[in-house]
Amino acid sequence: MTKKRHQSKQTKAKSSRNWAKSLFWFLFKLGLVATVVAAVGLVYLDAQVREKFEGKRWSLPAKVYARPLELYPGQRLDSAALQLELKALGYSIGNQVNRPGTARVSANRADIYTRGFDFPEGAERSKRVTLSFQQGQIARLMDANNRSMTLARLEPVLIGGIYPGDNEDRELVRIQDVPSLLPQALVAVEDRAFYDHFGISLKGIARAMWVNLRAGRFVQGGSTLTQQLIKNFYLTSERTLSRKLLELPMAVLLDLHYEKDEILEAYLNEVYLGQDGARAIHGFGQGSLFYFGRPAAELELHHIALLAGLVKGPSYYDPRRHPERALKRRDLVLKLLLDQAMISPNQYQRAIQQPLDVIKRGTRLKGAYPAYLDVVKRQLRQEYREEDLNSEGIRIFTALDPLVQQNAASALSERIALLEKQYGKKAQPLQGATVVTDPQTGELLAVIGGRNARFAGFNRALDARRPIGSLVKPATFLAALEKGYTLTTLIEDSAFQMQQPDGSVWSPENFDGKEKGMVPLYEAISRSYNLSSARLGLDIGVDSVIDMLKRLGVDSEIKPYPSLLLGALNLAPIEVAQVYQTLAANGFRMPLRAIRRVTDAYGQELSRYPFKLNQVVDPKQVHLIHYAMQSVAREGTARSLYRTLPANLNVAGKTGTSDQQRDSWFAGFTGSRLAVVWVGRDDNATLPFTGSGGALKVWTDLMKREQPEPYLALKPREVEYVWVDASQNVQTDQQCEGARSVPYIQGTEPVQRVSCGGKRKPGEAIKSPLDWFKGWFN
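Calculation rules
Residues numbered from 1 in each chain as written. Predicted model: local features only at pLDDT ≥ 70, side-chain atom pairs only at ≥ 80, totals over all residues. Heavy atoms only, no water. Disulfide = S-S within 2.5 Å. Helix = DSSP H or I, 4+ residues; strand = E, 2+ residues; numbered from the N terminus. Buried < 20%, exposed > 50% of the residue type's maximum accessible area, 1.4 Å probe, protein only. Salt bridge = Lys/Arg side-chain N within 4 Å of Asp/Glu carboxyl O. Patch = residues over 30% accessible without salt bridge, like charges linked within 9 Å, V, L, I, M, F, W, Y side chains within 5 Å. Areas by Shrake-Rupley, 256 points an atom, 1.4 Å probe, with all protein chains shown as cover. Expected span 1.5 Å × (residues − 1). Contact = heavy atoms within 4.5 Å. Pairing = 2+ DSSP bridges. Axes fitted to C-alpha atoms, helices over the stretch in contact; angles between N-to-C directions. Polar contact = N/O pair within 3.5 Å; in protein donor to acceptor, adjacent residues only side chain to side chain. Phe/Tyr/Trp six-rings, centres within 6.5 Å; stacked < 30°, edge-to-face > 60°. Parallel < 35°, antiparallel > 145°, perpendicular 65-115°, else oblique. Nonpolar A, V, L, I, M, F, W, Y, C, P; charged D, E, K, R; others polar. Left-handed = near helix turned anticlockwise from the far one by under 90°.

**Observations regarding the state of the cysteines**
Under the counting rule described, the total for this entry stands at one disulfide. The side chain of Cys736 participates in a disulfide bridge whose partner is Cys756; the two sulfur atoms lie 1.8 Å from each other. Judged by the torsion about the S-S bond (-90°), the Cys736/Cys756 disulfide is left-handed. Of this pair, Cys736 sits in the loop between strand 32 (730-731) and strand 33 (740-745) while Cys756 sits in the segment after strand 33, and the two are 20 residues apart along the sequence. Judged by relative accessible area, which is 4%, Cys736 ranks as buried. Residue classification places Cys756 among the buried residues on the basis of a relative accessible area of 16%.

**Structural notes on unusual backbone geometry**
Apart from glycine, the bulk of residues carry a negative phi angle, and the bulk of peptide bonds sit in the trans form. Going from Gln428 to Pro429, the amide bond is cis rather than trans, its omega being -5°. Structurally, the position occupied by Pro429 is in the loop between helix 14 (402-423) and strand 16 (431-437). Located in the positive-phi region is Gln135, a residue other than glycine, with phi close to 55°. A positive phi angle, close to 60°, is found at Ala341, a residue other than glycine. Among the residues examined, Ala341 registers a relative accessible area of 66% and is labelled exposed.

**Considerations on the pattern of salt bridges**
Should the charged atoms of two oppositely charged side chains come close, the side chains can pair. With the rule as written, the count across this model stands at 48 salt bridges. Of the charged contacts, one joins Arg170 and Glu168 as a salt bridge, the two residues approaching to 3.1 Å between their closest N and O atoms. We classify Glu168 as buried; its relative accessible area is 18%. Between Asp169 and Arg279 there is a salt bridge, and its shortest N-O distance comes to 2.5 Å. Linking Asp169 in strand 12 (residues 168-170) with Arg279 in strand 14 (residues 279-282), this pair joins segments that are 110 residues apart in sequence. Here the residues in one salt-bridge network are Arg99, Arg115, Glu155, Arg294, Glu298 and Glu300, joined through shared partners.

**Let's talk about a nonpolar patch on the surface**
On the surface, a nonpolar cluster with roughly 270 Å² of combined accessible area is contributed by Phe198, Leu202 and Val252. The topology assignment puts Val252 in helix 6 (residues 241-257).

**Topic: helix 22 (residues 695-706)**
Under the 1.5 Å per step criterion, the end-to-end length of helix 22 is 17 Å for twelve residues, consistent within 8% with the ideal 16 Å. Among the twelve residues in helix 22, nine count as buried, and that is most of the element. Listed as buried for helix 22 are Ala695, Leu696, Val698, Trp699, Thr700, Asp701, Leu702, Met703 and Glu706. Those residues of helix 22 that are buried are in contact with helix 14, strand 16, strand 29 (663-669) and strand 30 (674-680).

**Remarks on the sheet that holds strand 3 (residues 92-93)**
By definition, the strands of a sheet pair up through backbone hydrogen bonds, in either a parallel or an antiparallel sense. Strand order in the open sheet made by the five strands is 3-4-5-8-9, with mixed pairing throughout. Only two strands of the sheet have a single neighbouring strand rather than two, namely strand 3 and strand 9 (137-143). Bridge analysis of strand 4 (residues 102-105) against strand 5 (residues 109-113) gives four bridges, and the strand direction is antiparallel. Residue pairing for strand 5: Arg104 is matched across the bridge by Asp111.

**What about the environment of Pro345?**
With respect to the helices, strands and loops of the structure, Pro345 is situated in helix 11 (residues 345-352). Distance in space between the C-alpha atoms of Pro345 and Lys335 is 9.6 Å, their sequence separation being ten residues.

**Let's talk about the pairing of strand 1 (residues 62-65)**
Here strand 1 shows no split at all, with Ala62 and Val64 on one side and Lys63 and Tyr65 on the other all buried. With four bridges joining them, strand 1 and strand 11 (residues 158-162) adopt antiparallel strand pairing. What sits directly across from Val64, in strand 11, is Gly160. In terms of strand pairing, strand 1 meets strand 15 (residues 395-398) through three bridges, oriented parallel. Bridge pairing in strand 15 links Lys63 to Arg395.

**Overview of the sheet that holds strand 11**
One open sheet holds the five strands; their spatial order is 11-1-15-25-26, and the pairing between them is mixed. The open sheet has two free edges, formed respectively by strand 11 and strand 26 (605-608), since each of these has just one partner strand. Across the sheet, the mean angle from the axis of one strand to that of its neighbour is 20°, orientation sign disregarded. Strands in contact with helix 12 (residues 370-380) are strand 1, strand 11, strand 15 and strand 25 (595-599); relative to strand 11, the strand with the most contacts, it is inclined by about 45°.

**A short note on the environment of Asn684**
Assignment of secondary structure puts Asn684 in the loop between strand 30 and helix 22. With relative accessibility at 32%, the residue Asn684 sits in the partly exposed group. When the C-alpha positions of Asn684 and Asp663 are compared, they lie 8.0 Å apart, and in sequence the two are 21 residues distant. If near-sequence neighbours (up to four positions away) are discounted, Asn684 is found in contact with Arg466 and Arg662. Looking at Asn684, its side chain comes within polar contact range of the side chain of Arg466, at 2.9 Å.

**Overview of the packing of aromatic side chains**
The tally for this structure, following the rule as stated, stands at 13 aromatic pairs. Pairing Phe117 with Phe397 gives two aromatic rings, centres 6.2 Å apart and planes at 85°, and the pair type is edge-to-face. Of the two residues, Phe117 is situated in strand 6 (residues 117-119) and Phe397 in strand 15; the sequence distance between them amounts to 280 residues. Owing to a relative accessible area of 15%, Phe117 belongs among the buried residues under this scheme. Seen in terms of ring centroids, Phe194 and Tyr195 are 5.0 Å apart; in terms of plane orientation they differ by 80°. Their pairing is edge-to-face. Assessed through its relative accessible area of 0%, Phe194 is described here as buried.

**Here's the deal with the packing of helix 10 (residues 323-339) against helix 11**
Running from N to C, helix 10 and helix 11 cross one another at 175°; their axes reach a closest spacing of 10 Å. As summarised for this structure, helix 10 and helix 11 are arranged roughly antiparallel, according to the angle between their axes. Every residue of helix 11 that contacts helix 10 at Arg330, Asp331, Leu334, Lys335 and Leu338 is listed here: Pro345, Tyr348, Ala351 and Ile352. The residue makeup of the contact of helix 10 with helix 11, split by class, is six nonpolar, no polar and three charged.

**Considering the packing of helix 3 (residues 181-190) against helix 9 (residues 301-310)**
Interhelical geometry of helix 3 versus helix 9 gives an angle of 40° and a closest axis separation of 9 Å. Relative to helix 9, the element helix 3 is oriented oblique. By crossing handedness, the relation of helix 3 to helix 9 is classed as right-handed. Every residue of helix 9 that contacts helix 3 at Leu181, Leu182, Ala185, Leu186 and Val189 is listed here: Leu301, Ile304 and Ala308.

**Some points on the side chain of Ser672**
Relative to the helices and strands, Ser672 is located in the loop between strand 29 and strand 30. A polar side-chain atom of Ser672 sits 2.9 Å from the main-chain amide nitrogen of Glu709. When residues no more than four places from it in sequence are discounted, the contact partners of Ser672 are Thr437, Asp438, Pro439, Pro708 and Glu709.

In structure tokens:
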């Protein structure tokens, strides 16, 4: 019995040893598998960390720039316009001009310390320039050594971007290019032991564990700057244990492979600092521009403290929405910097006395040009892939002129407000659009898509295709001139009816309902007579008018209805601008250009959009139509503009009013500006004014602000001016009553000649209002 008990004990002991041995081997194998899995996981994480950190770290939005403002003696520019440009660029305008980005401006003089810029044709260094103003022009331009200069350029205004799908916007900076106190302040506030730990802080982890245990939930992470970078750059912001456990080894691996300053520089560019609508502000480079309107290199101590303080909670400490919180947070950061001997007591005292210094939303011009950016984006998307536009950091240099854009926007919004006040409910709510070009180059200088130029909604300049009314008439009359008509050919202005293919009857009328009889061709266009214009178009054929419109620049379909002759053609303002651009360019069609050049992020040219032109109409006929279009402004439907503008401006243009008075148009040009203006209602309701009562006033207000160069026509050799009595289409003497000098293509002038016939007394002064033609030529 005793023996059996002994054997039983031995069996149990042996069984116990076997179980322990099995458990050991199981745990050993499990640990081995876990080690292998962990090792494989670490290798995978290591590859992920290195691949993204050493590769393309961020999707960089495309940057769209305006034209750079060129400064040179003789340029038409005053101190007010210069200050507008400098403020848009974020220059600090005051008494000190001691570093890039500073300026001092008075009524007669300006001292500027430019920032320099990497232009596509080469980098331009920062420099100090001085310019003096005289009579609205730059009189002298000098460098820092008081030597005369022929040209200086400011950097171009950044007007917008094309953002990636996550709408993150950032301006990359290098750690050596920002004030040294910026990274120091960041480390002092967020991770004092940054340069001592190996990516994670065991003390911080222990502290966070204790806080989380007391709270009974995950409320604190104990993250170092490296861990924060891992979370933002590689992972997500969710507060979970799994994410935290993944963050730790990745932080160690990142710290193992890269220098501390490399990690800190990545953090400077990655950290989230605020929100601008749908656009997320990332990095101190973009944060500096967003909050202070200046590059990170120009940040001062109180700016640095605020930005460093925002990292903890950009929304909670938003200086625009919660200035009190932001100020307390900034001052706390300044106290930390003082306590750690990073700044002196004097620096601290000066800094805490400074205001937040945050610019108002809309002060910078980025995002202020949605209609113009729309033009740019539509063109780019025809030539580039979407992912290249919103992730490769390409740079687009445009022809947009911020000063012209500002003038156009102000003229439209202010005049529309006056029209609504003048006409009351009959004119409410009004809308409008304006397109401005350089008639000599075809460059788009400004595009206004609505009365609120900053509103990124319906772009009426591009998409509001409305009946153009009498704006079509220059094409009709130019086609007639090609077929042998002259400016004084007498055409009939009388009522008629015409059967349409659908059975309806077309019976046009003049605006005043009266017939004018036989009128010279130039008068029919200057006074915008509908009856004679329609008869002329039918005489030469509607197809001839369509052909002319196509040559001038209309690319959309045009239906050959007789009503086309009175403007039953729907075009957007930018399409009208293309037509009138060809007219202004003496019959040379040049595509409207918004983009000058595209480069990659490193300045290598990708695309260039050079000046192009194609002659589509003989300059001889164009010279004649210019005369008629100048008559519109001198004695016709646009004559009111000379009550405001100088008489020597020599405006050529045309008013337009659509059927039932639903649209008000004016298109016209001078020597250096062409503008098309549309005013109307989005609901297509009738207006209480015509083209001359609405759009023409906007155009006049714009040109009063612009002060453009006069139009000086170059007379073709085959054109001669002859004194005629236009009412009879006969030659006469200069001193005769009603005589006017009219251009003719050689051989087409009237053959018949009449004398004064005693209509003028000997020695009587000539009382002709048409002496304007004498100043038409250069």
